[in-house]
Amino acid sequence: MSLTTQGATYAPPAHAANAQQRGESSRGTRSTAEYRALDAAHHIHPFSDTGALNRNGSRIIVKAEGVYLWDSDGNRIMDGMAGLWCVNVGYGRKELADAAYRQMQDLSFYNTFFKTSHPPVIELSALLAELTPAAFNHFFYCNSGSEGNDTMLRIVHRYWATQRRPTKKYVISRKNGYHGSTIAGATLGGMDYMHEQIPSPVPHIVHIDQPYFFGEASADMTPDAFGLERARQLEAKILELGAENVAAFVGEPFQGAGGVIFPPSSYWPEIQRICRKYDVLLGADEVIGGFGRTGEWFSHQHFGFEPDLITLAKGLTSGYVPMGAVGLHDRIASALIDNGEFNHGMTYSGHPVAAAVAIANLTLLRDEGIVERVKHETGPYFQRLLRETFEDHPIVGEVAGTGLVAAVQLSSDPRTRRRFENGAEAGTICRDFCFNGNLIMRATGDRMVLSPPLVINRSEIDEIVEKAKCAIDATARQLERR
Ligand SMILES: *Cc1c(COP(=O)(O)O)cnc(C)c1O
């Protein structure tokens with residue numbers, strides 16, 4: 001097929017050979033215009049209106065170091081999102097690159113299906129057993145958070161089969177939760193705009209409301225009362241379905257992609273109580289919350305509950321290579337282990353290179369005290385600075401979060417928690433101001449979201465908050481002019 005769509009023809013990039021000799025191949029050897037034309041001609045982007053994107057041209061990111069990105073025009077950009085919530089140790093760590101390089105030379109691939117194993121996957125499993133709470137000693141590997149949640153569902157159903165309780169089939173999750181984009185992950189998630197594009201969702205998955213106090217609590221309700229009310233929807237749903245038919249409840253300890261929604265402190269203890277009462281497994285999707293984001297190793301520890309299963313991805317490798325996993329509580333693991341074959345796996349389950357990179361990444365997070373620093377130093381500093389900066393701001397309704405994850409809620413009347421009539425538009429305006437100011441801050445509807453690399457220092461935090469303030473001030477002025 002001749003590749004000449006929209007005038008973009010594939011040819012080796014100018015000076016590619018020279019650049020490769022200099023070790024610069026990844027830094028980009030084409031002009032921005034050339035990259036955009038080829039991108040538009042041949043690349044369909046995830047979660048994008050690719051047609052609209054192609055008319056404007058994508059931003060070409062060519063390099064990254066620490067908490068900064070560089071685009072093909074030479075702009076230095078503060079990455080307030082750690083890529084997609086994943087680059088926990090920051091960009092450009094040689095330890096991870098070296099681990100991949102060494103592992104590719106020693107054993108680039110071997111599978112773990114047929115009575116075989118290899119050192120990286122063995123070492124990683126032992127390390128995860130050390131870093132996760134005491135009851136988690138077994139791990140199943142895959143390549144992404146989506147596959148992790150698919151795997152969690154497979155384990156849940158296998159578990160109940162081994163308990164001779166096969167009627168326990170329903171899994172309950174939340175509206176506006178995010179659990180990935182495979183068909184099972186998207187069904188488990190509560191994003192309407194994703195459900196709309198699936199012809200038939202996975203059966204036996206139902207949703208209850210999210211614990212989003214700012215957006216959904218009535219005016220006279222306290223956060224704790226609201227948290228209890230939302231948690232008790234789980235009890236009502238279990239009773240409606242019949243406890244003998246309910247297998248599990250799955251949720252993100254805090255909702256990430258849904259807008260960094262932190263539930264009231266009453267929420268998770270009540271969810272756990274209900275799960276125990278009705279013998280329903282509790283799954284925590286730790287894909288964003290895991291590996292230090294909240295200042296704890298896992299975000300369920302921040303909220304003080306004990307899940308039966310945890311989904312891991314993103315920060316597991318700091319995004320240097322893809323990898324996902326499910327951690328099994330001893331109770332679940334022993335049921336699975338002593339009951340015959342589990343008919344599930346991916347070619348790349350426990351991929352040696354990914355495992356080697358994960359080990360290098362987790363070792364840095366532990367031995368450089370990165371998670372500790374988020375808990376005691378940078379996290380509290382970030383949260384305090386955001387709250388001081390946006391206190392009494394005319395269009396900021398709340399700052400939510402802990403550690404190095406936060407949301408700034410835009411609001412047309414912060415005192416009465418009123419939302420902008422077209423909230424998504426306010427968010428988009430704000431995001432565009434950030435973009436132009438070389439700050440990556442994501443908009444989820446009318447919530448502006450930050451989740452920087454965990455290695456960020458105080459002066460870089462100052463820079464994020466200052467840039468966010470500029471963008472939100474500019475948004476307020478623009479909305480006022482309307
Ligand atoms: C990103 C994410 C996923 C999906 O992970 P992928 O690697 O994109 O498949 C699942 N759950 C949560 C909470 C996530 O943030």
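Everything that follows concerns the structure shown earlier in this document.
Everything numeric here is computed off the predicted structure, so don't read it as measured data.

Novice: Explain the overall build of the chain here, please?
Specialist: The helix and strand tally for the chain stands at 18 helices and 15 strands. Along the first, second and third principal axes, the C-alpha atoms of the chain reach 65 × 60 × 45 Å. Burial status across the chain gives 53% buried among its 482 residues. In the chain, of all internal contacts separated by at least 6 residues, the share reaching a separation of at least 24 is 70%. Here the chain displays about 21600 Å² of accessible surface, and carbon together with sulfur accounts for 51% of that area. Across the chain, the mean location of the 47 positive side-chain charges is 1 Å away from that of the 55 negative side-chain charges.

Novice: Just checking my understanding: could you explain the side chain of Glu463 for this structure?
Specialist: Along the chain, the position of Glu463 falls in helix H18 (residues 458–481). Since its relative accessible area comes to 18%, Glu463 is described here as buried.

Novice: Any chance you could explain the pattern of salt bridges here in plain terms?
Specialist: Pairs may arise between side chains of opposite charge once their charged atoms sit close together. If you walk through the whole model with that rule in mind, you get 26 salt bridges. Measuring nitrogen to oxygen at the nearest pair gives 3.8 Å for the salt bridge that ties Arg276 to Asp308. Taken as a pair, Arg276 in helix H12 (residues 267–277) and Asp308 in the loop between helix H13 (299–303) and strand E9 (309–312) lie far apart in primary sequence, 32 residues in all. On the basis of relative accessible area, Arg276 is assigned to the partly exposed category, the value being 37%. In this structure Asp308 comes out as buried when scored by relative accessible area, which is 1%. A salt bridge links Arg431 to Asp432; the shortest N-O distance between them is 3.6 Å. The partly exposed category is assigned to Arg431, whose relative accessible area is 34%. Overall, the relative accessible area of 36% leaves Asp432 in the partly exposed class. Counted as one network, the salt bridges with shared partners bring together Arg232, Glu235, Glu270, Arg273 and Lys277.

Novice: Which parts of the structure should I look at to understand the state of the cysteines?
Specialist: Should the sulfur atoms of two cysteines be covalently bonded, the bond is a disulfide. For the structure on display, the rule yields zero disulfides. Here Cys430 is not cross-linked by a disulfide; its sulfur's nearest cysteine counterpart is in Cys434, at 4.5 Å.

Novice: Which parts of the structure should I look at to understand the sheet that holds strand E2 (residues 68–71)?
Specialist: The strands that make up a sheet are held in pairs by hydrogen bonds between backbone atoms, and each pair lies either parallel or antiparallel. Strand order across the open sheet formed by four strands is E1-E2-E3-E13, with mixed pairing between neighbours. Two strands close off the open sheet at either side, each with one partner strand: strand E1 (61–65) and strand E13 (439–440). Examined bridge by bridge, E1 and E2 share four bridges and lie antiparallel to one another. For Ile61, the partnering residue across the bridge sits in E2 and is Asp71. Sitting on the sheet, H18 touches E2, strand E3 (76–79) and E13, and the angle it makes with E3 is about 95°.

Novice: I tried to follow the site of the ligand on my own but got confused; where do I start?
Specialist: In the vicinity of the ligand, the residues found are Ser144, Gly145, Ser146, Asn149, Tyr178, His179, Gly180, Glu252, Asp285, Val287, Ile288 and Lys314. Between the ligand and Gly145, the relevant distance is 2.9 Å, taken from an oxygen atom to a main-chain nitrogen or oxygen of the residue. One nitrogen or oxygen atom from the main chain of Tyr178 is found 3.4 Å from a nitrogen atom belonging to the ligand. When the ligand sits alone it has 380 Å² of accessible area, and the protein chains cover 83% of it. Sorting elements by how many residues they give to the shell around the ligand places helix H7 (residues 145–162) first, with three residues. Per-class residue counts for the shell around the ligand are three nonpolar, six polar and three charged.

Novice: What exactly am I supposed to notice about the packing of helix H5 (residues 94–106) against helix H15 (residues 352–367) here?
Specialist: Between two packed helices, what matters for the description is the angle formed by their axes and the separation of those axes. Orientation of H5 relative to H15, taken along the N-to-C sense of each, is 150°, at an axis distance of 8 Å. Considering their axes alone, H5 and H15 lie roughly antiparallel with respect to each other. As for the relative orientation of H5 and H15, their crossing is right-handed in sense. On the side of H5, the interface is formed by Glu95, Leu96, Ala99, Ala100, Gln103 and Met104, while H15 contributes Pro352, Val353, Ala356, Val357, Ala360, Asn361 and Leu364. For the contact of H5 with H15, the class distribution of residues is 10 nonpolar, two polar and one charged.

Novice: What is the right way to read the pairing of strand E15 (residues 447–450) from this model?
Specialist: The side chains of a regular strand alternate between both faces of the sheet. Because side chains alternate across E15, one face comprises the buried residues Arg447 and Val449, and the other comprises Met448 and Leu450, equally buried. In the sheet, strand E12 (residues 405–410) pairs with E15 via four bridges, with the strands oriented antiparallel. Its bridge partner being in E15, Gln409 is matched across the sheet by Arg447. Relative to E15, strand E14 (residues 442–444) is paired through three bridges, and the arrangement is antiparallel. Directly across from Thr444, in E15, lies its bridge partner Arg447. Hairpin geometry of E14 and E15 is characterised by an intervening segment of two residues between the two adjacent antiparallel strands and by a positive phi of about 60° at Gly445.

What counts, and where the lines are drawn
Residues numbered from 1 in each chain as written. Predicted model: local features only at pLDDT ≥ 70, side-chain atom pairs only at ≥ 80, totals over all residues. Heavy atoms only, no water. Helix = DSSP H or I, 4+ residues; strand = E, 2+ residues; numbered from the N terminus. Buried < 20%, exposed > 50% of the residue type's maximum accessible area, 1.4 Å probe, protein only. Contact = heavy atoms within 4.5 Å. Areas by Shrake-Rupley, 256 points an atom, 1.4 Å probe, with all protein chains shown as cover. Lys, Arg positive; Asp, Glu negative; His and termini not counted. Charge placed at Lys NZ, Arg CZ, Asp CG, Glu CD. Salt bridge = Lys/Arg side-chain N within 4 Å of Asp/Glu carboxyl O. Disulfide = S-S within 2.5 Å. Pairing = 2+ DSSP bridges. Axes fitted to C-alpha atoms, helices over the stretch in contact; angles between N-to-C directions. Near = heavy atom within 4 Å. Polar contact = N/O pair within 3.5 Å; in protein donor to acceptor, adjacent residues only side chain to side chain. Nonpolar A, V, L, I, M, F, W, Y, C, P; charged D, E, K, R; others polar. Parallel < 35°, antiparallel > 145°, perpendicular 65-115°, else oblique. Left-handed = near helix turned anticlockwise from the far one by under 90°.

These figures come from the coordinates and say nothing about function on their own.
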